[in-house]
Amino acid sequence: MAELTRMQTDDVAMGPPAGLRGVAADFASDQRAFKNVSWGKAMMWIFLLSDTFIFGCFLLAYMTARMSTPVPWPNPSEVFALNIGGQEVPLILIAIMTFILISSSGTMAMAVNFGYRRERGKTAALLLLTAALGATFVGMQAFEWTKLITEGVRPWENPWGAAQFGSSFFMITGFHGTHVTFGVIFLLVTARKVWRGDFDTGQRGFFTSRRGSYENVEIMGLYWHFVDLVWVFIFAFFYLW
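Nothing here was measured: the structure is a model prediction, and the numbers come from that model.

**Concerning the overall build of the protein**
No. 1: When helices and strands are tallied, the protein shows nine helices and two strands.
No. 2: Ordering the α and β elements of the protein from the N terminus gives α-α-α-α-β-β-α-α-α-α-α.
No. 3: Evaluated residue by residue, the protein yields a buried proportion of 41% over its 241 residues.
No. 4: The long-range share in the protein, meaning contacts at least 24 apart out of those at least 6 apart in sequence, stands at 68%.
No. 5: Only carbon and sulfur atoms are counted for the fraction: they give 68% of the accessible area of the protein, which is about 13,700 Å².

This is the structure we're talking about:
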């Protein structure tokens, strides 16, 4: 014990190694820290990183198309306006959709909190509420698509200006909407497992973690917060620019 204490004291006195040994020590410490992360959480972070590249490429392509086309780009306030009481209200539907999706991040965060407290009822209820908000968002997005298609927007043309608008809009919002849809499905699956107590008993099955661990609720939270964050960028690029 005394020898171990003396070695620790010597390490502190010597400080971190310099040069290539310091680089090797940094890599080794990162490896040890990474080994403390569960495989599920690590795989989710890797998936989200790859998804970030995909969404980033889509948004860069959108920016390139918009800035390079000589044809005027459609005005979002005109394209995404709703007729309410005989007056055109710009971006009202998009504002409600954004509020709903951002609110779902709050309910998801509370679900993770109650999950780690092992309060099954509250966790399941908040997961279901998050799924309901996500489904509402997808439904409103379907309404938005239907409205634009009815007004003549196509991937190859639209009545307001640059033809690239339709293809960019349907590709990016459709890809994001698919993420939200899959998120809603997995939220329902997770809520059902929480309600049945699968995470307490460690019952074997699809999307079930080890006994006594509600980590899968947190993993779902990582995915859901990512989907919400991506929407913030889509909202800024498509509806405010």
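**Section: the environment of Leu49**
No. 1: For Leu49, the location among the structural elements is in helix H3 (residues 39–68).
No. 2: For the pair Leu49 and Phe226, spaced 177 residues apart in sequence, the C-alpha to C-alpha distance is 9.9 Å.

**Description of the UniProt feature "transmembrane region" (unreviewed entry) in the protein**
No. 1: With numbering matched to this structure, UniProt assigns "transmembrane region" (unreviewed entry) to residues 42–65, 91–112, 124–143, 163–189 and 220–240.
No. 2: Along residues 42–65 one finds 100% helix and 0% strand; the C-alpha atoms at either end are 35 Å apart.

**Here's the deal with the packing of H3 against helix H9 (residues 215–240)**
No. 1: At a closest axis distance of 11 Å, the pairing of H3 and H9 adopts a crossing angle of 10°. In this view, H3 runs roughly parallel relative to H9, as classed from their interaxial angle.
No. 2: Looking at side-chain class alone, the contact of H3 with H9 contains 16 nonpolar, two polar and five charged residues.

**A word on a nonpolar patch on the surface**
No. 1: A grouping of Ile102, Leu229, Val232 and Phe233 is seen on the molecular surface, where their side chains present a nonpolar patch of about 350 Å² in accessible area.
No. 2: No other element matches H9, which puts three residues into the nonpolar patch.
No. 3: Relative accessible area serves as the criterion here: at 38%, Val232 is assigned to the partly exposed category.

**Focus on the layout of surface pockets**
No. 1: Looking at the second largest pocket, its volume works out to about 200 Å³.
No. 2: Every residue lining the second largest pocket is listed: Thr52, Phe55, Gly56, Leu59, Leu60, Met63, Phe226, Leu229, Val230, Phe233 and Phe237.
No. 3: The set of elements that each furnish at least two residues to the lining of the second largest pocket consists of H3 and H9.
No. 4: No other element matches H3, which puts six residues into the lining of the second largest pocket.
No. 5: Within the lining of the second largest pocket, the residues separate by chemical class into nine nonpolar, two polar and no charged.

**Points about unusual backbone geometry**
No. 1: We note that Leu91 has phi near 60°; this positive angle belongs to a residue other than glycine.
No. 2: Tracing the backbone through its elements, the reader meets Leu91 in the loop between strand E2 (87–90) and helix H5 (92–116).
No. 3: Residue classification places Leu91 among the buried positions, given a relative accessible area of 16%.
No. 4: Of note in the backbone geometry, Arg118 takes a positive phi value of approximately 60° without being a glycine.
No. 5: Tracing the backbone shows Arg118 in the loop between H5 and helix H6 (120–150).

**Some thoughts on the pairing of strand E1 (residues 81–84)**
No. 1: For E1 and E2, the ladder comprises four bridges, and the chain directions are antiparallel. Residue Ala81 lies in a different strand from E2, and its bridge partner there is Pro90.

**Overview of H3**
No. 1: In this model H3 runs 43 Å from its N-terminal to its C-terminal C-alpha over 30 residues, within 8% of the 44 Å that 1.5 Å per residue would give.
No. 2: Of the positions making up H3, those classed as buried are Gly40, Lys41, Ala42, Met44, Leu48, Asp51, Phe55, Leu59, Tyr62, Ala65 and Arg66.

**A look at the side chain of Ser168**
No. 1: In this structure, Ser168 sits in helix H7 (residues 164–196).
No. 2: With relative accessibility at 9%, the residue Ser168 sits in the buried group.
No. 3: Apart from residues no more than four positions distant in its own chain, Ser168 is found in contact with Tyr62 and Phe238.

Calculation notes
- Residues numbered from 1 in each chain as written.
- Predicted model: local features only at pLDDT ≥ 70, side-chain atom pairs only at ≥ 80, totals over all residues.
- Heavy atoms only, no water.
- Helix = DSSP H or I, 4+ residues; strand = E, 2+ residues; numbered from the N terminus.
- Buried < 20%, exposed > 50% of the residue type's maximum accessible area, 1.4 Å probe, protein only.
- Contact = heavy atoms within 4.5 Å.
- Areas by Shrake-Rupley, 256 points an atom, 1.4 Å probe, with all protein chains shown as cover.
- UniProt positions renumbered as here; feature names shortened; annotations may be inferred.
- Axes fitted to C-alpha atoms, helices over the stretch in contact; angles between N-to-C directions.
- Parallel < 35°, antiparallel > 145°, perpendicular 65-115°, else oblique.
- Nonpolar A, V, L, I, M, F, W, Y, C, P; charged D, E, K, R; others polar.
- Patch = residues over 30% accessible without salt bridge, like charges linked within 9 Å, V, L, I, M, F, W, Y side chains within 5 Å.
- Salt bridge = Lys/Arg side-chain N within 4 Å of Asp/Glu carboxyl O.
- 1 Å grid on protein atoms, 1.4 Å probe; cavity = no way out; pocket = protein on both sides within 12 Å on 5 of 7 lines; lining within 4 Å.
- Points joined across faces, edges and corners; volume = space filled by probe spheres on them.
- Pairing = 2+ DSSP bridges.
- Expected span 1.5 Å × (residues − 1).

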